[in-house]
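What the coordinates show
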Amino acid sequence: MPSILLGLAGLVAVWLLYALTSWRRHWQRAKASGIQCYLSPCSPQWIPWKITHRIWIPLIKLLPQSSWEAWLPPLTADFSWKWRYDHFDKYGDTFVLVHPFGLHMFTAEASAISAITTRRDHFPKHTALYGILSQFGDNVVTSEGLLWRRHRRATAASFSERNIALAFAESIRQSLGLIRFWEITNGPGATLRTVERDTMRLALNIIGYVGFGLRLPWPQETMPEDNAMSAKYGSVEPPEGYKMSFVTAIETLLENALTLLLVPSWLLRLIPYEGVREAVRSRQQYEQFINELMEAKIVDTSKGERTDGGMDIMGQLVRSFCHVDSTSSPPREAEPGTVRTREEIRGNAFVMIVAGHETTANAIHFTLIHMASCAASQRRLHRELDELLRDKKVEDLDYEGYFQPLMGSMVGACMNETLRVLPPVIEIPKVATPDRDQPLVVDGEVCSVPAGTAITLSAAGVHMNPKHWPTEPSRLRPSQHDLLDYVPERWLRTSDEKLDALAGQPEGHGSCKGREAGPWLFQPERGAYIPFSVGARACLGRRIAQAEVVAALTVLFREYSVELAVDEWATDEEVERMDRQQRRDLYQRAVDKRDATIRKASSLLTLKLRGDGVALRFVKRGEERFVDWLGLPDSP
Ligand SMILES: *[C@@H]1O[C@H](CO)[C@@H](O)[C@H](O)[C@H]1NC(C)=O
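Residues numbered from 1 in each chain as written. Predicted model: local features only at pLDDT ≥ 70, side-chain atom pairs only at ≥ 80, totals over all residues. Heavy atoms only, no water.

**Regarding the overall build of the protein**
To keep things clear, this is the line we draw: Helical segments are the DSSP runs of H or I of at least four residues, strand segments are the runs of E of at least two, and each set is numbered from the N terminus. Here the globule rule is a power law, 2.2 Å times the number of residues to the power 0.38, and the radius of gyration is based on C-alpha atoms. A 1.4 Å probe rolled over the protein chains alone gives each residue an accessible area, and that area as a share of the maximum for its type sets the label: buried under 20%, exposed over 50%, partly exposed in between. Pairs of residues are marked as contacts when any of their non-hydrogen atoms sit within 4.5 Å. What sets the accessible areas is the Shrake-Rupley method with a 1.4 Å probe; for residues, cover comes only from the shown protein chains. A residue counts as positive if it is Lys or Arg and as negative if it is Asp or Glu; His and the chain ends are not included. To locate a charge, take atom NZ for lysine, CZ for arginine, CG for aspartate or CD for glutamate.
Helix and strand content of the protein: 23 helices and 16 strands. Taken over C-alpha atoms, the radius of gyration comes to 26 Å for the protein, in line with the 26 Å a tight globule of 636 residues would show. Projected onto its principal axes, the C-alpha positions of the protein cover 80 × 70 × 50 Å. Counting across all 636 residues of the protein, residues that qualify as buried make up 54%. Here the contacts in the protein between residues at least 6 apart in sequence split such that 71% fall between residues at least 24 apart. Counting only carbon and sulfur atoms, one obtains 56% of the accessible surface of the protein, whose full area is about 29100 Å². Side chains of the protein carry 75 positive and 78 negative charges; the gap between the two charge centres is 5 Å.

Here is the structure:
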């Protein structure tokens, strides 16, 4: 026994010595890089730390603050969301953590982000971190190099203007379905407690169409009889041969994606907990659904049949797998080998669902809950919609005529502002190539990023970096700048205001670009606004997502206002009897509660609210209780 213990102690000692030497060596490399650097006892990406760090943090905080304040925040889950720009403000817009086994750079600096995303060969994606997205197969998001090029070629065709127009139209149709769903299930103007779920359903219905050519209905809508596939996949009940509906399978799968990835299947099967069983079942059901859909498309394609000419990214992948290019007529042989295996179709299908589901749903959901307290912004949004649409019905809006104008209006401004304050993906992982150091301008100086450095681009950080955005003093909190606040108008300030705001800012700052008729649109400097990332690896679906969100917001706000529900504190009758000051105080409680909920958002795949969510009311314009007068000067 003693000799075994002695041996173990020896091993530990050797290991410690090795770790210390290695730490020292990395420290010297970091020092030589010219970038600000700080020692950290652990890598932010070390999985055991990630899983257990909540236990250690209170213990570490017993030590003097100076010994942990530089490195502990970046090692905390959701660092970029919780600290936003604050940590960068103290420790530098770009800094490096030196841990015993390597270096990790964080940046919230637009020019650095721009350079890193542009120089794709020098700073590839950190694909090792994307395991969660590749569990069903390689795909366009998780691959690099030649493999990525091939996936990219196979998927790119799907993101054409024609398809974006189809997605825009489907989003209008589905959003109208959502409004009707709310009216039927809750009654007009009633409190909605399931907005998060419902917007998820909205996004799923749209991705069903965009990604798979399915027409998924709302519960109140009848199934399309002529479309067997849509009827099957849109059914609320599990279809023949299944234990779950398609929608439930996807929802459950996404909720449990991390558990399913990290815990081996055999272990999962042994856990006698119903939630886990459900998760395992959802994965199995999801695979069955996707396989069936894929095989059906393969059969159709090899028979030379074309689907209805609508949108269908999976169909596109299948055609490239079967080597026919059906976008040309008559269909001809496609470039061989763009999609090589069924695995790759499955992989891309999953990524499409993940990327196109929660992100878009959140953008819509978060815009609603923010706008509910921006009474003046809502009034302006309504005014602009009235001017743009006149007496055109929303169901008749076409992409060609209306998308760009809507995008340049308050609708686009709201979307942009939501993605600024709550970027769906809060951090983008990159890495410096392992073969040599990479020059990079940091804070105006040419530095050199040591080979192999892991890199985190902080979206939430750079979106709130006052060096990159014109600001005003906050009206909501004691702060020099309003970058933490939701202010859609910042995207539309008139040219004079904009130029004033920009005066006194360093040169090379964001610029304004003209827009027909009046105000100018603020355009952030490259790298300062990265909700879709930038460069060659930027989100492929960006334009589709924008078309979807703009269409949904247009439909939702055309005839309605959104208000926070106050049921928790007062009944409708009580509100009726209140004077304005009482109503204002009441509404403030709802606003405070909403803000607290937003602060607690956390990110698994994308940034999401936790807990009960925010209850809202959708009220016909003219029937508002709060947002038609809040923020206006009180009449005597
Ligand atoms: C919103 O951002 C997009 C690009 O991300 C831009 O094209 C559009 O003009 C912006 N809209 C407004 C109102 O600033």
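Anyway, onward from the coordinates.
**Some thoughts on the UniProt feature "binding site: heme" (unreviewed entry) in the protein**
Formally: UniProt positions are given in the numbering used here, feature names are shortened, and annotations may be inferred rather than shown by experiment.
If you check UniProt for "binding site: heme" (unreviewed entry), the listed places come out as Cys-539 in our numbering. Relative to the helices and strands, Cys-539 resides in the loop between β12 (521-523) and α21 (542-558). Exposure remark for Cys-539: the relative accessible area of 36% places this residue in the partly exposed category.

**Description of a negative patch on the surface**
Put simply, the rule is: Patch membership requires more than 30% relative accessible area and the absence of a salt bridge. Residues of like charge join within 9 Å; the nonpolar side chains Val, Leu, Ile, Met, Phe, Trp and Tyr join within 5 Å. Each salt bridge in this description consists of a side-chain nitrogen of Lys or Arg and a carboxyl oxygen of Asp or Glu lying within 4 Å of one another.
Together, Glu-395, Asp-396, Asp-398 and Glu-400 make up a region of like negative charge exposed at the surface. By secondary structure assignment, the location of Asp-398 is in the loop between α16 (375-389) and α17 (399-407). Of the residues examined, Asp-398 reaches a relative accessible area of 30% and is grouped as partly exposed.

**Quick word on the pattern of salt bridges**
Once their charged atoms are close, side chains differing in charge can pair, the charge on each being opposite to the other. What the rule picks out here adds up to 27 salt bridges. Glu-170 is the salt-bridge partner of Arg-215, the closest N and O atoms lying 3.5 Å from each other. Here the residue Arg-215 occupies a position in the loop between α8 (195-212) and α9 (228-234), and Glu-170 occupies one in helix α7 (residues 161-186), the gap between them amounting to 45 residues. For Glu-170, a relative accessible area of 2% translates into the label buried. Each of Glu-274, Arg-277, Glu-278 and Arg-281 takes part in one network of salt bridges that share partners.

**Some thoughts on the site of the ligand**
The following threshold applies: Only a single heavy atom is needed: when it lies within 4 Å of a molecule or strand, its residue is near that molecule or strand. Counting of polar contacts relies on pairs of N or O atoms within 3.5 Å, with two restrictions inside protein: one atom must be capable of donating a hydrogen and the other of accepting it, and residues adjacent in sequence are counted only when both atoms are side-chain atoms. Residues are grouped as follows: Ala, Val, Leu, Ile, Met, Phe, Trp, Tyr, Cys and Pro are nonpolar; Asp, Glu, Lys and Arg are charged; every other residue, Gly included, is polar.
Taken together, the residues surrounding the ligand are Met-407, Gly-408, Ser-409, Ala-413, Asn-416, Trp-491, Leu-492, Leu-521 and Gln-546. At 2.4 Å, a side-chain N or O of Asn-416 approaches an oxygen atom of the ligand. In this structure, an oxygen atom belonging to the ligand sits 3.5 Å away from a side-chain N or O atom of Gln-546. Its free accessible area being 360 Å², the ligand has 78% of it covered by the protein chains. Taken together, the residues that form the shell around the ligand break down as five nonpolar, four polar and no charged.

**Some details on the environment of Asp-567**
For Asp-567, the position within the fold is in the loop between β13 (560-564) and α22 (572-577). The exposure class of Asp-567 is partly exposed, given its relative accessible area of 30%. Residues Asp-567 and Thr-191 lie 376 residues apart in sequence; the distance between their C-alpha atoms is 8.0 Å. The residues touching Asp-567, leaving out its near neighbours within four places in the chain, are Thr-191, Arg-193 and Arg-617.

**What to know about the packing of aromatic side chains**
Here is the rule we go by: Pairing of aromatic rings covers Phe, Tyr and the six-membered ring of Trp, with a centre-to-centre limit of 6.5 Å; geometry is then stacked below 30 degrees between planes, edge-to-face above 60, and tilted otherwise. In this scheme, Lys NZ or Arg CZ marks a charge over a ring once it lies within 6 Å of the ring centre and within 35 degrees of the ring normal.
Applying the stated criterion across every chain yields a total of 27 aromatic pairs. Between Tyr-399 and Phe-403, the aromatic rings sit 5.1 Å apart at their centres with planes inclined by 20°, giving stacked as the arrangement. Taken as a pair, Tyr-399 and Phe-403 lie in helix α17 at a separation of four residues, close to a single helical turn. This pair shows no difference in class: Tyr-399 is buried, exactly as Phe-403 is. The structure contains a cluster of three or more aromatic residues connected by ring pairs, namely Tyr-38, Phe-79, Trp-83, Tyr-85, Phe-88, Tyr-91, Phe-95 and Phe-106. Of note, Arg-201 hangs over the ring of Trp-218, and the distance from its end group to the ring centre comes to 5.9 Å. We note Arg-420 situated over the ring of Trp-469; from NZ or CZ to the ring centre the distance is 5.6 Å.

**Side note on the sheet that holds strand β4 (residues 191-192)**
Our working definition: Paired strands are those between which DSSP finds at least two bridges.
Pairing is antiparallel across the open sheet formed by three strands, whose spatial order is β4-β16-β13. Two strands lie at the open edges of the sheet, namely β4 and β13, each paired on one side alone.

**Some thoughts on α17**
Think of an α-helix as turning once every 3.6 residues; residues three or four places apart then point the same way. What counts, and what does not: Relevant arc is that of directions from the helix axis to the C-beta atoms, nothing else.
All buried positions along α17 are accounted for by Tyr-399, Tyr-402, Phe-403, Leu-406 and Met-407. Viewed along the axis of α17, the buried residues span an arc of 125°, placing them on a single side of the element.

**Some points on the side chain of Ser-474**
Note on placement: Ser-474 falls in the loop between α19 (459-462) and α20 (495-502). Judged by relative accessible area, which is 12%, Ser-474 ranks as buried. Polar contacts involving the side chain of Ser-474 include one to the main-chain amide nitrogen of Leu-476, which spans 3.0 Å. In this structure, Ser-474 is in contact with Ser-479, Gln-480, His-481, Asp-482 and Asp-485, ignoring residues within four places of it in sequence.

**With respect to the packing of helix α13 (residues 274-302) against helix α14 (residues 313-321)**
Operational definition: Only the stretch in contact is used when fitting a helix axis, every axis being a line fitted to C-alpha atoms; angles between N-to-C directions are given from 0 to 180 degrees. For this classification, under 35 degrees means roughly parallel, over 145 means roughly antiparallel, 65 to 115 means roughly perpendicular, and everything else is oblique. Each crossing gets its hand from how the near helix is turned against the far one by less than a right angle, where anticlockwise is left-handed and clockwise is right-handed.
Remark: α13 packs on α14, axes separated minimally by 9 Å, with the N-to-C direction vectors making an angle of 55°. Our classification of the angle between α13 and α14 gives oblique. Handedness of the crossing formed by α13 with α14: right-handed. Residues Ile-290, Leu-293, Met-294, Lys-297, Ile-298 and Thr-301 of α13 form the contact with α14, whose participating residues are Met-314, Gly-315, Val-318, Arg-319 and Phe-321. In terms of residue class, the contact of α13 with α14 is built from seven nonpolar, two polar and two charged.

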